[in-house]
Amino acid sequence: MAFDTMMGMLGNGFVVTIELFLITLLGSLPLGVFVALGRMSSFLPLQWIMRFYISIMRGTPLMLQMFAIYFAPYYVFGIDLTPDSKWNATIVAFIINYAAYFAEIYRSGIQSIPRGQYEAADVLGYSKTQTFMKIVLPQVIKRILPAMGNEIITLVKDTSLAFAIGVAEMFSTAKALAAREANMFPYLLAGLFYWLFNMVVEVVLNRVEKKLDYYHD
Amino acid sequence: MTDSNKPLVTIENVYKSYGSNQVLHGVSLSVSPGEVVAVIGPSGGGKSTLLRCATLLERFDSGTLAYGDLDVAVDRDGTAVYGSKDVIAQAKLRFGLVFQNYNLFPHYTVLKNITDAPISVQKRNRDEVEQQARQLLSRMGLEGNEGKVPCELSGGQQQRVSIARALCMNPDILYFDEPTSALDPELTQEVLRVIRSLAESHMTMVIVTHEMTFARDVADRIVFLDGGSIVEEGPADQVINNPTQQRTREFLLRYEG
Ligand SMILES: Nc1ncnc2c1ncn2[C@@H]1O[C@H](COP(=O)(O)OP(=O)(O)OP(=O)(O)O)[C@@H](O)[C@H]1O
Ligand SMILES: [Mg+2]
């Protein structure tokens, strides 16, 4: 097979990988906020539900969660699986899994802000919302950036798990190509793609980090 | 203010406990316009708790609190009942608090630390607020530092920024909780100089401090708080030089170098 045909096929897989990556971030970054708020809520039932949810998400393999979500509609509700089911289940599993990880990072960030910051804001008359948006959140973002970076880089690589369920992302494509060509070259190319992708992610993260580097505390 | 003797803040018969630990037992304190009151006393005596109650960071169990004619907490059958959210918000406009460890906002510049609350809480005009902030900075000996962030300043400079931040809200009364305890002697002096000049311009202040000489020189009145009650109270030089209570004498002896 010609090199550019192979590149074209891997490229198509790569587009799916990027889609999965972006949709997961788009869903899990905001969902994590709600999970974190629920986890920190003083309303105990909500707090326990969130603890349980986070514990399951972090304590079981993402691959298993994908399958569970893929088969749940059929076994629980008797809904027939369609060709879209695999993609949908993958997206849902990735979003709710990553939301749990992000929630814990958010929580650690929020809880690391010294009480004095809240007290100073309180005495100056800031409302709860103002205190969070103007004083707490910007400091939290700076503090959690390294941990978020780790998690986002892991997500780039985790997208390859979708091959297990039969989503045609880059890793599945590489596997199929390697089988047909009977050599490892497609894997090498795929590895290169992941690495380059993560280099871009790192450049973006470094840029944000640098932007927030104007102060330390 | 026409009636210059009407207190700016009146705290009456305040009780406060944390669990079974009674921290304030019937403390009363009122401060008139232009008065400077120093609160002294041993560690754990309840000085910070008193300020935290006065600044609404904590709520006391019983007693009353009023800022001028604004009743913030009233007594109902031995229980303190606090006013509505609106009353609390109004009360917060009347006082400022300077913390021991400054609590500046690290991500804001010096200028923004001072101007943000007047602009976004008091909804005042930005130009007017910034002009006032610059005046305050020069009064604090900090001109030229507007664009710096707190971590670029010394502790003494940060504390002076935090004083400017409190003053820019135009409070009636300014509370200080050990404003120099985190500073070495040299930096302590520059902060004390600023507070002294505020006293000279008749800013109403309540200052919790361990600086006895400073308290004697700057305060009009000294309150000695020990074990959650006011043991002795009177004109500054009388309390320092001729205390009437044994406990005050013992406390002061420990501070004589
Ligand atoms: N949030 C809290 N929870 C429980 N106990 C507290 C709390 N804050 C203060 N206390 C207790 O209240 C008592 C008075 O403390 P406070 O901080 O008011 O004393 P202080 O006079 O300011 O002492 P210092 O000179 O050391 O600052 C202490 O016994 C302290 O342990
Ligand atoms: Mg204290």
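From a predicted model like this one, the values you see are computed outputs, not experimental measurements.

1. Some remarks on the pairing of strand S7 (residues 95-98) of chain B
Residue and element names in this part refer to chain B. The alternating pattern of S7 places Phe95 and Leu97 on one face and Gly96 and Val98 on the opposite face, and all of these are buried. One ladder, built from 4 bridges, connects S7 with strand S8 (residues 173-177); its direction is parallel. Of the residues in S8, the one forming a bridge with Phe95 is Ile173.

2. Quick notes on the packing of helix H5 (residues 115-123) of chain A against helix H6 (residues 128-158) of chain A
All names here are of chain A. Put simply, H5 and H6 touch, their axes get as near as 11 Å, and they point 155° apart. Relative to H6, the element H5 lies roughly antiparallel. Judged by the twist between their axes, the crossing of H5 over H6 is right-handed. Contacts between H5 and H6 involve Gln117, Tyr118 and Ala121 from the first element and Thr131, Ile135, Val136 and Gln139 from the second. Considered class by class, the residues forming the contact of H5 with H6 number 4 nonpolar, 3 polar and no charged.

3. Overview of helix H5 (residues 155-167) of chain B
When the terminal C-alpha atoms of H5 of chain B are compared, their 18 Å separation across 13 residues agrees well with the 18 Å that a helix rising 1.5 Å per residue should span. In terms of burial, H5 of chain B is a largely internal element, 12 of the 13 residues being buried. The set of residues buried in H5 of chain B consists of Gly155, Gly156, Gln158, Gln159, Arg160, Val161, Ser162, Ile163, Ala164, Arg165, Ala166 and Leu167 of chain B. Taken together, the buried residues of H5 of chain B touch H5 of chain A together with S7, helix H3 (110-120), helix H4 (126-139), S8 and helix H6 (185-200) of chain B.

4. Some thoughts on the site of ligand 1
All names here are of chain B. Taken together, 13 residues lie near ligand 1, and Ser43, Gly44, Lys47, Ser48 and Thr49 sit nearest. Ser48 is positioned such that a nitrogen or oxygen atom in its side chain is 2.8 Å from an oxygen atom of ligand 1. One of the side-chain N or O atoms of Glu178 is found 3.2 Å from an oxygen atom in ligand 1. In isolation ligand 1 exposes 640 Å². Once the protein is present, 61% of that is buried. Put simply, the parts of the chain that give the shell around ligand 1 at least two residues each are strand S2 (21-31) and helix H1 (47-54). Among the residues forming the shell around ligand 1, the class breakdown is 3 nonpolar, 8 polar and 2 charged.

5. Points about the interface of chain A and chain B
Opposite the 20 residues of chain A that make contact, chain B presents 24 residues. Taken over both partners, the interface formed by chain A and chain B buries close to 2,000 Å², and the fraction arising from carbon and sulfur atoms is 61%. For the interface between chain A and chain B, the tally reads 3 salt bridges. For Lys92 of chain B, the salt bridge goes to Asp122 of chain A, with nearest N and O atoms at 2.8 Å. Inspection of the chain A/chain B interface yields 11 residue pairs in polar contact (both at pLDDT 80 or more). Every element with two or more residues in the side of chain A that touches chain B is listed here: H5 and H6 of chain A. For the side of chain A that touches chain B, the residue count by class is 9 nonpolar, 6 polar and 5 charged.

6. Observations concerning the sheet that holds strand S1 (residues 9-18) of chain B
Residue and element names in this part refer to chain B. The strand order across the open sheet built from 5 strands is S2-S1-S4-S5-S6, with neighbouring strands paired in antiparallel fashion. Two strands bound the open sheet, and with one partner strand each, they are S2 and strand S6 (79-82). Going from strand to strand, the sheet's axes swing by 20° on average, the running direction of each strand aside. Against the sheet, H1 engages S1, S2 and strand S4 (62-67), with an angle of about 60° to S2. Running at roughly 125° to strand S5 (residues 70-76), helix H2 (residues 85-92) makes contact with S4, S5 and S6 of the sheet.

7. Things to note about the environment of Leu25 of chain A
All names here are of chain A. Structurally, Leu25 can be placed in helix H1 (residues 3-40). A relative accessible area of 13% places Leu25 in the buried class. Distance in space between the C-alpha atoms of Leu25 and Thr82 is 25 Å, their sequence separation being 57 residues. Once you skip the residues sitting within four places of it in the chain, Leu25 turns out to touch Pro30, Phe102, Ile152 and Leu155.

8. Things to note about the pattern of salt bridges
Scanning the entire structure with this criterion turns up 17 salt bridges over all chains. Among the ionic pairs, Asp116 of chain B bridges to Lys134 of chain A, the shortest N-O distance being 3.4 Å. Placement of Asp116 of chain B in helix H3 and of Lys134 of chain A in helix H6 is noted, with the two residues assigned to different chains. Judged by relative accessible area, Asp116 of chain B falls into the buried class, the value being 6%. Look at Lys134 of chain A and you get partly exposed, because its relative accessible area is 24%. Among the charged side chains, a salt-bridge network with shared partners connects Arg115 and Glu119 of chain A together with Lys16, Arg52 and Glu58 of chain B.

9. Focus on the side chain of Asp226 of chain B
Residues and elements named next belong to chain B. Residue placement: Asp226 occurs in strand S10 (residues 221-226). Among the residues examined, Asp226 registers a relative accessible area of 17% and is labelled buried. Engagement of the side chain of Asp226 in a polar contact is seen with the side chain of Arg247, the distance being 3.3 Å. Dropping the residues within four chain positions of it, Asp226 is found in contact with Pro42, Gly45, Val231 and Arg247.

Conventions adopted
- Residues numbered from 1 in each chain as written.
- Chains lettered and ligands numbered in written order.
- Predicted model: local features only at pLDDT ≥ 70, side-chain atom pairs only at ≥ 80, totals over all residues.
- Heavy atoms only, no water.
- Buried < 20%, exposed > 50% of the residue type's maximum accessible area, 1.4 Å probe, protein only.
- Helix = DSSP H or I, 4+ residues; strand = E, 2+ residues; numbered from the N terminus.
- Pairing = 2+ DSSP bridges.
- Axes fitted to C-alpha atoms, helices over the stretch in contact; angles between N-to-C directions.
- Parallel < 35°, antiparallel > 145°, perpendicular 65-115°, else oblique.
- Left-handed = near helix turned anticlockwise from the far one by under 90°.
- Contact = heavy atoms within 4.5 Å.
- Nonpolar A, V, L, I, M, F, W, Y, C, P; charged D, E, K, R; others polar.
- Expected span 1.5 Å × (residues − 1).
- Near = heavy atom within 4 Å.
- Polar contact = N/O pair within 3.5 Å; in protein donor to acceptor, adjacent residues only side chain to side chain.
- Areas by Shrake-Rupley, 256 points an atom, 1.4 Å probe, with all protein chains shown as cover.
- Buried area = accessible area lost by both parts, 1.4 Å probe.
- Salt bridge = Lys/Arg side-chain N within 4 Å of Asp/Glu carboxyl O.

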